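Each chain, letter by letter, is given below.
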Amino acid sequence: GAVVSQHPSRVICKSGTSVKIECRSLDFQATTMFWYRQFPKQSLMLMATSNEGSKATYEQGVEKDKFLINHASLTLSTLTVTSAHPEDSSFYICSAGATGLAKNIQYFGAGTRLSVL
Amino acid sequence: SQQGEEDPQALSIQEGENATMNCSYKTSINNLQWYRQNSGRGLVHLILIRSNEREKHSGRLRVTLDTSKKSSSLLITASRAADTASYFCATDAGANSKLTFGKGITLSVRP
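Residues numbered from 1 in each chain as written. Chains lettered and ligands numbered in written order. Predicted model: local features only at pLDDT ≥ 70, side-chain atom pairs only at ≥ 80, totals over all residues. Heavy atoms only, no water.

**Student:** Even after reading the chapter, I still don't get the sheet that holds strand β3 (residues 19-25) of chain A, so can you show me in this structure?
**Tutor:** Remark on secondary structure: sheet strands pair via backbone hydrogen bonds, oriented parallel or antiparallel. Residue and element names in this part refer to chain A. Within the open sheet, the four strands sit side by side as β1-β3-β8-β7. Their pairing is antiparallel. Lying at the two open borders of the sheet, with one neighbouring strand each, are β1 (4-7) and β7 (67-73). The sheet shows a mean angle of 15 degrees between the axes of neighbouring strands, direction not considered. By the bridge criterion, six bridges tie β3 to strand β8 (residues 76-81) in an arrangement that is antiparallel. Each residue of the ladder has a partner; that of Val19, found in β8, is Val81. (Pairing = 2+ DSSP bridges. Helix = DSSP H or I, 4+ residues; strand = E, 2+ residues; numbered from the N terminus. Axes fitted to C-alpha atoms, helices over the stretch in contact; angles between N-to-C directions.)

**Student:** Could you clarify how one ought to interpret the sheet that holds strand β6 (residues 55-58) of chain B in this entry?
**Tutor:** All names here are of chain B. Overall, antiparallel pairing links the five strands, which are arranged β1-β3-β8-β7-β6 in an open sheet. Looking along the sheet, the strands with just one partner apiece sit at the ends: β1 (5-7) and β6. Adjacent strand axes in the sheet meet at a mean angle of 15 degrees, parallel and antiparallel pairs treated alike. In the sheet, strand β7 (residues 61-66) pairs with strand β8 (residues 71-76) via six bridges, with the strands oriented antiparallel. Paired with Val63 across the two strands is Leu74, which belongs to β8.

**Student:** How do you make sense of the interface of chain A and chain B when you look at a structure like this?
**Tutor:** How big an interface is tends to be reported as the loss of accessible area on association of its parts. Counting residues at the interface gives 18 residues for chain A and 23 residues for chain B. Buried surface at the junction of chain A and chain B, summed over both partners, amounts to about 1600 Å²; 53% is from carbon and sulfur atoms. If you sort the residues of chain A by the area they bury against chain B, Ser43, Asn104 and Phe108 of chain A come out on top, with a joint share of 34%. Across the contact surface, chain A and chain B share one salt bridge. Where chain A touches chain B, the interface holds eight residue pairs in polar contact (both at pLDDT 80 or more). When contributions to the side of chain A that touches chain B are tallied by element, the ones reaching two or more residues are β4 (32-38), β5 (44-51) and β9 (90-97) of chain A. (Contact = heavy atoms within 4.5 Å. Buried area = accessible area lost by both parts, 1.4 Å probe. Salt bridge = Lys/Arg side-chain N within 4 Å of Asp/Glu carboxyl O. Polar contact = N/O pair within 3.5 Å; in protein donor to acceptor, adjacent residues only side chain to side chain.)

**Student:** Would you mind going over the nonpolar core with me for this structure?
**Tutor:** A general trend in soluble globular proteins is that nonpolar side chains are found buried together. By size, the foremost hydrophobic cluster in this structure holds 41 residues, and its most contacted members are Tyr36, Leu44, Phe108 and Leu114 of chain A together with Tyr35, Leu43 and Phe101 of chain B. Ranked by residue count, the leading element in this core is β9 of chain A, at five residues. Not counting residues up to four positions away in its chain, the partners in contact with Phe108 of chain A are Val4, Tyr36, Leu44, Ile93, Cys94 and Ser95 of chain A together with Tyr35, Gly42, Leu43 and Phe101 of chain B. Membership of the second largest hydrophobic core comes to 22 residues, among which are Met21, Leu32, Ile47 and Leu65 of chain B. (Core = buried A, V, L, I, M, F, W, Y, C linked by side-chain atoms within 4.5 Å. Buried < 20%, exposed > 50% of the residue type's maximum accessible area, 1.4 Å probe, protein only.)

**Student:** How do you make sense of the side chain of Ser72 of chain B when you look at a structure like this?
**Tutor:** Residue and element names in this part refer to chain B. Residue placement: Ser72 occurs in strand β8. There is a polar contact of 2.8 Å between the side chain of Ser72 and the backbone oxygen of Thr64. Ignoring anything within four residues of it in the chain, the contact list for Ser72 reads Met21, Asn22, Cys23, Leu32, Trp34, Val63, Thr64 and Leu65.

**Student:** Whenever I open this one, the pattern of salt bridges confuses me. Can you help?
**Tutor:** Pairing is possible between side chains that carry opposite charge, provided their charged atoms lie close to one another. Residue and element names in this part refer to chain B. Applying the stated criterion to the full structure yields seven salt bridges over all chains. A salt bridge links Glu53 to Lys56, with the nearest nitrogen and oxygen atoms 3.9 Å apart. When its relative accessible area of 28% is taken as the criterion, Lys56 is described as partly exposed. In this structure, Glu55 and Arg62 form a salt bridge, with 3.1 Å as the shortest nitrogen-oxygen distance. A single network of salt bridges, built from pairs that share partners, joins Arg36, Arg60 and Asp83.

Take a look at the structure:
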């Protein structure tokens, strides 16, 4: 149980295009989802916390107009990197926490590697 | 900002040996967790220890927590090549709060 699916696993795009990443909880309802960014050989940096039906809470220094987050249902959150540039190239990971499951444990997707040319 | 600081940053051991990884943190916590990440993949939850607990076991894993020193250790006994991964400690301040991850430890287990 507690499976989180993240799609796509890899995307290569041209500079200026927008990229959407989906994060789905497959067998539980995710009241809260988290989006992280990870640079090579570094830790996870929390970008934003997404609660179903409300606006995401962004961490300091993260541009909300650049990284659009939508959490329209209890099983789906999306992150859209708008007008991507090479400096946006990174590994993006989502996670989900859920009511009813151990509240403080997060279940992670497999990550999306974004390469912007 | 980073809360946990793990040490060592990299650890290389022979299969069958035990691996000990340490984590220190700065602020008060509700829980401390350890996660594992295989290269290029997401994280997998290993074990959670609450602030009022001192030790916890799960299979080959043993976690200790010393809140007076703001530190935790993760022991993997009888390591296997498949244990090769990065290990992160993460702390939280309460129910449904965000996790703050440490920098991670890269463990290599040589067959």
